[in-house]
Protein chains: 2
Amino acid sequence: MTAMLPSAPPRKRAPSARALATRQRVFDAAEQVFARQGFDGATIRDIAAAAGEPVGTIHHHGGGKEALFHATVARRADTLSRARLDALARLRATDELTPDGLLRAFMQPFFALSRDDPRWRDYARLVAFVSTDDRWRAISASCFDPTAQTFMDALHQRRPDASRSRIAEAFVFSVSAMLALLTSQGRIAALGGTPVPEDQQFDHLIHFCAAGFAA
Amino acid sequence: MTAMLPSAPPRKRAPSARALATRQRVFDAAEQVFARQGFDGATIRDIAAAAGEPVGTIHHHGGGKEALFHATVARRADTLSRARLDALARLRATDELTPDGLLRAFMQPFFALSRDDPRWRDYARLVAFVSTDDRWRAISASCFDPTAQTFMDALHQRRPDASRSRIAEAFVFSVSAMLALLTSQGRIAALGGTPVPEDQQFDHLIHFCAAGFAA
DNA sequence: GTCTATATGTAGATAGAC
DNA sequence: GTCTATCTACATATAGAC
């Protein structure tokens with residue numbers, strides 16, 4: 001992902017610390033606005049306002065609206081994948097490759113990161129948009145599918161009798177439920193009164209999905 | 001829902017058959033375009049092109065973009081709710097109020113309608129947009145929440161030990177999975193090779209969610 | 001009810017000063 | 001790299017002829 005092709009032109013020089021800070025403000029603002037309003041609902045001007053930067057700066061760092069969206073999604077994807085694969089490696093060390101443990105390893109990093117940094121909560125909304133819109137299938141394929149396949153391989157080994165497509169169905173159901181929990185607290189509250197703490201909700205999610213896999 | 005307040009002004013006269021046909025073309029087109037592109041991604045011009053009508057006609061029948069969206073969602077909501085509640089009534093007659101049966105009664109109508117009429121498939125996408133965007137919370141609350149509450153009541157009776165919020169969580173997980181199956185065939189295919197027939201996928205969905213409720 | 005023409009606002013993108 | 005000013009296109013909405 002971070003490897004550079006030999007033919008790639010070398011950068012002129014390292015960007016200044018100030019430029020890097022501006023760049024980060026731009027991407028943080030894009031993340032927030034895209035997450036709240038979606039790709040079509042967001043405007044470059046909204047992002048500029050959120051970043052406290054002029055409109056031209058957004059274009060300079062983002063390279064156009066679509067490229068900015070793509071880069072915003074890709075920015076945190078490596079961190080998320082690594083956290084998931086690390087959790088999987090730790091799980092393999094304990095030899096507890098149950099559906100429960102595997103789902104926990106896949107989902108827990110997202111919740112842990114969201115708890116520590118509200119920008120990860122925005123990122124979850126962004127991922128939900130990307131996952132449900134065929135228009136961004138290519139982004140999903142490059143940012144999320146490889147790790148998903150790794151976990152599906154492990155889940156499939158536990159249930160060699162099930163077909164691959166059946167594993168994929170159950171995995172999509174589980175990811176949908178996970179994203180619903182991360183992004184639709186309002187919906188849960190509207191239907192069920194006062195919600196419980198998120199740690200508990202996370203345990204409920206794992207139980208729900210693990211039971212589904214066991215069935 | 002269809003009741004009219006006493007103070008409502010009476011319509012001048014019944015609309016002509018031709019006007020009714022135009023009106024239906026407008027709403028069918030709106031449904032298709034909103035479903036494919038979302039509220040912000042859709043334009044009145046796209047809808048006009050899909051309907052084969054001039055732009056002004058869309059405004060005349062729809063009453064502005066937002067009102068048109070709301071009316072498009074509401075148009076099929078009664079049919080869907082009635083089908084769900086009828087299935088629930090039939091279930092009560094057989095006295096098989098298991099989570100499996102209840103989830104089947106709630107979800108099956110959507111799949112049956114989608115199989116017979118592709119416009120219901122578009123409607124499913126539209127419902128997915130509405131369900132995941134807090135901006136349309138009011139539409140969800142009026143169109144879908146009452147029926148959802150009825151089914152949650154029945155599910156809660158089967159598990160009086162569980163808290164209401166826990167039932168709501170599991171219900172949201174289940175609905176998310178259902179909408180994923182109705183709208184994200186491409187996602188499942190991308191992750192799991194050749195998918196199985198939809199009847200089978202539906203059974204898998206029910207098993208997955210029922211197991212989650214049982215846990 | 002239907003359709004054309006138009007008013008008004010705002011979108012994404014860029015050119016060029018600093 | 002940063003910021004201002006502006007270009008061009010297209011959005012929603014409406015007014016008024018038919």
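Residues numbered from 1 in each chain as written. Chains lettered and ligands numbered in written order. Predicted model: local features only at pLDDT ≥ 70, side-chain atom pairs only at ≥ 80, totals over all residues. Heavy atoms only, no water.

With respect to the packing of aromatic side chains
Consideration 1: The tally for this structure, following the rule as stated, stands at 27 aromatic pairs over all chains.
Consideration 2: For the ring pair Trp120 of chain A and Tyr123 of chain A, a centre distance of 5.4 Å and an interplane angle of 80° mean the geometry is edge-to-face. Of this pair, Trp120 of chain A and Tyr123 of chain A both sit in helix H7 (residues 118-132), three residues apart, roughly one helical turn.
Consideration 3: These aromatic residues form a ring-pair network of at least three members: Phe173, Phe208 and Phe213 of chain A together with Phe173, Phe208 and Phe213 of chain B.
Consideration 4: The residue whose ring lies beneath Arg76 of chain A is Trp120 of chain A, and the NZ or CZ to ring-centre distance is 5.2 Å.
Consideration 5: Above the plane of the ring of Phe106 of chain A lies Arg84 of chain A, whose end atom (NZ or CZ) is 3.8 Å from the centre. (Phe/Tyr/Trp six-rings, centres within 6.5 Å; stacked < 30°, edge-to-face > 60°. Helix = DSSP H or I, 4+ residues; strand = E, 2+ residues; numbered from the N terminus. Lys NZ or Arg CZ within 6 Å of the ring centre and 35° of its normal.)

A closer look at the domain arrangement of chain A
Residues and elements named next belong to chain A.
Consideration 1: As far as domains go, chain A holds domain 1 (17-63) and domain 2 (75-214).
Consideration 2: With centres defined by C-alpha atoms, the gap from domain 1 to domain 2 works out at 28 Å.
Consideration 3: Residue-level contacts link eleven residues of domain 1 with ten residues of domain 2.
Consideration 4: There are seven salt bridges connecting domain 1 and domain 2.
Consideration 5: One salt bridge connects Glu31 with Arg75, and the closest N-O pair in it is separated by 3.6 Å. (Domains from an automatic or database assignment. Contact = heavy atoms within 4.5 Å. Salt bridge = Lys/Arg side-chain N within 4 Å of Asp/Glu carboxyl O.)

Regarding the protein's contact with DNA strand C
Consideration 1: Among the 16 residues in the neighbourhood of DNA strand C, the closest are listed as Ile44 and Arg45 of chain A together with Thr22, Glu53 and His61 of chain B.
Consideration 2: The sugar-phosphate share of atoms of DNA strand C within 4 Å of the protein amounts to 69%.
Consideration 3: Taking Lys65 of chain A, its main chain carries an N or O atom lying 2.9 Å from a phosphate oxygen of DNA strand C.
Consideration 4: Here a phosphate oxygen of DNA strand C sits 3.5 Å away from a polar atom, N or O, in the side chain of Arg18 of chain B.
Consideration 5: Of all the elements in the fold, those that place two or more residues in the surface near DNA strand C are helix H2 (44-51) of chain A together with helix H1 (17-41) and helix H3 (55-62) of chain B. (Near = heavy atom within 4 Å. Polar contact = N/O pair within 3.5 Å; in protein donor to acceptor, adjacent residues only side chain to side chain.)

Regarding the confidence of the model for chain A
Interpretation of this model should avoid reading the predicted coordinates in detail wherever pLDDT is low.
Consideration 1: Averaged over chain A, the pLDDT score is 94; the fraction of residues at 70 or greater is 94%.
Consideration 2: Contacts from residues 1-8 of chain A, a stretch scored under 50 in pLDDT, to residues over four places away or in other chains number three contacts. (pLDDT = per-residue confidence, 0-100.)

A few points about the pattern of salt bridges
Opposite charge on two side chains makes pairing possible when the charged atoms of those side chains draw close.
Consideration 1: Taken as a whole, this structure holds 32 salt bridges over all chains when the rule is applied.
Consideration 2: For Asp28 of chain A, the salt bridge is made with Arg119 of chain A, and the minimal N-O distance between the two is 3.1 Å. Of the two residues, Asp28 of chain A is situated in helix H1 (residues 17-41) and Arg119 of chain A in helix H7; the sequence distance between them amounts to 91 residues.
Consideration 3: Here Asp28 of chain A falls in the buried class, since its relative accessible area comes to 18%.
Consideration 4: Asp122 of chain B is the partner of Arg36 of chain B in a salt bridge, and the nearest nitrogen-oxygen pair spans 3.2 Å. Separated by 86 residues along the polypeptide, Arg36 of chain B in helix H1 and Asp122 of chain B in helix H7 (residues 118-132) bring together distant segments of the chain.
Consideration 5: Given the relative accessible area of 53%, Arg36 of chain B is considered exposed.
Consideration 6: The exposure class of Asp122 of chain B is buried, given its relative accessible area of 10%. (Buried < 20%, exposed > 50% of the residue type's maximum accessible area, 1.4 Å probe, protein only.)

Describing the protein's contact with DNA strand D
Consideration 1: Near DNA strand D lie 16 residues; those nearest to it are Thr22, Glu53 and His61 of chain A together with Arg45 and Lys65 of chain B.
Consideration 2: Taking Ile44 of chain B, its main chain carries an N or O atom lying 3.0 Å from a phosphate oxygen of DNA strand D.
Consideration 3: Looking at the surface near DNA strand D, the elements with two or more residues in it are H1 and helix H3 (55-62) of chain A together with helix H2 (44-51) of chain B.
Consideration 4: Taken together, the residues that form the surface near DNA strand D break down as five nonpolar, seven polar and four charged. (Nonpolar A, V, L, I, M, F, W, Y, C, P; charged D, E, K, R; others polar.)

Observations regarding H1 of chain B
Consideration 1: By the largest-angle criterion, Ala35 of chain B marks the main kink of H1 of chain B, which is about 80°.
Consideration 2: Along H1 of chain B, the residues that are buried comprise Thr22, Val26, Phe27, Asp28, Ala29, Ala30, Glu31, Val33, Phe34, Ala35, Gly38 and Phe39 of chain B. (Bend = angle between axes of the 7 residues up to and from the residue.)

Considering the packing of H2 of chain A against H3 of chain A
Residue and element names in this part refer to chain A.
Consideration 1: Two elements in contact, H2 and H3, have axes separated by 8 Å at closest approach and are oriented at 100°. Our classification of the angle between H2 and H3 gives roughly perpendicular. Together, Ile44, Arg45, Ile47, Ala48 and Ala51 of H2 and Val55, Ile58 and His59 of H3 make up the contact between the two elements.
Consideration 2: Tallied by class, the residues present in the contact of H2 with H3 amount to six nonpolar, one polar and one charged. (Axes fitted to C-alpha atoms, helices over the stretch in contact; angles between N-to-C directions. Parallel < 35°, antiparallel > 145°, perpendicular 65-115°, else oblique.)

Description of the relation of the copies chain B and chain A
Consideration 1: For the pair chain B and chain A, the best superposition has an RMSD of 0.0 Å and corresponds to a rotation of 180° with a translation of 0.0 Å parallel to the axis. On the angle and the small slide along the axis, the relation comes out as a two-fold axis.
Consideration 2: Comparing interface residues between copies, 100% of those in chain B also sit at the interface in chain A, which points to an isologous, same-surface contact. (Least-squares fit on C-alpha atoms with pLDDT ≥ 70 in both.)

Side note on the interface of chain B and chain A
Consideration 1: Tallying the contact residues gives 44 residues for chain B and 44 residues for chain A.
Consideration 2: Between chain B and chain A, roughly 3,900 Å² of surface is buried when both sides are summed, and carbon and sulfur atoms account for 64% of that area.
Consideration 3: Interface area lost by chain B to chain A is led by Phe173, Leu191 and Phe208 of chain B, which between them contribute 22%.
Consideration 4: At the boundary of chain B with chain A, the tally comes to zero salt bridges.
Consideration 5: Our enumeration of links across chain B and chain A arrives at five residue pairs in polar contact (both at pLDDT 80 or more).
Consideration 6: Residue assignment for the side of chain B that touches chain A shows that the elements contributing at least two residues are H1, H7, helix H9 (145-158), helix H10 (164-183), helix H11 (185-192) and helix H12 (198-214) of chain B.
Consideration 7: In terms of residues, the side of chain B that touches chain A owes the most to one element, H10 of chain B, which gives 15 residues.
Consideration 8: Partitioning the side of chain B that touches chain A into residue classes produces 22 nonpolar, 14 polar and eight charged. (Buried area = accessible area lost by both parts, 1.4 Å probe.)

Looking at the environment of His59 of chain B
All names here are of chain B.
Consideration 1: Among the secondary structure elements, His59 is positioned in helix H3.
Consideration 2: Given the relative accessible area of 41%, His59 is considered partly exposed.
Consideration 3: Ignoring any residue separated from it by four or fewer positions in sequence, one finds His59 in contact with Ile44 and Gly64.

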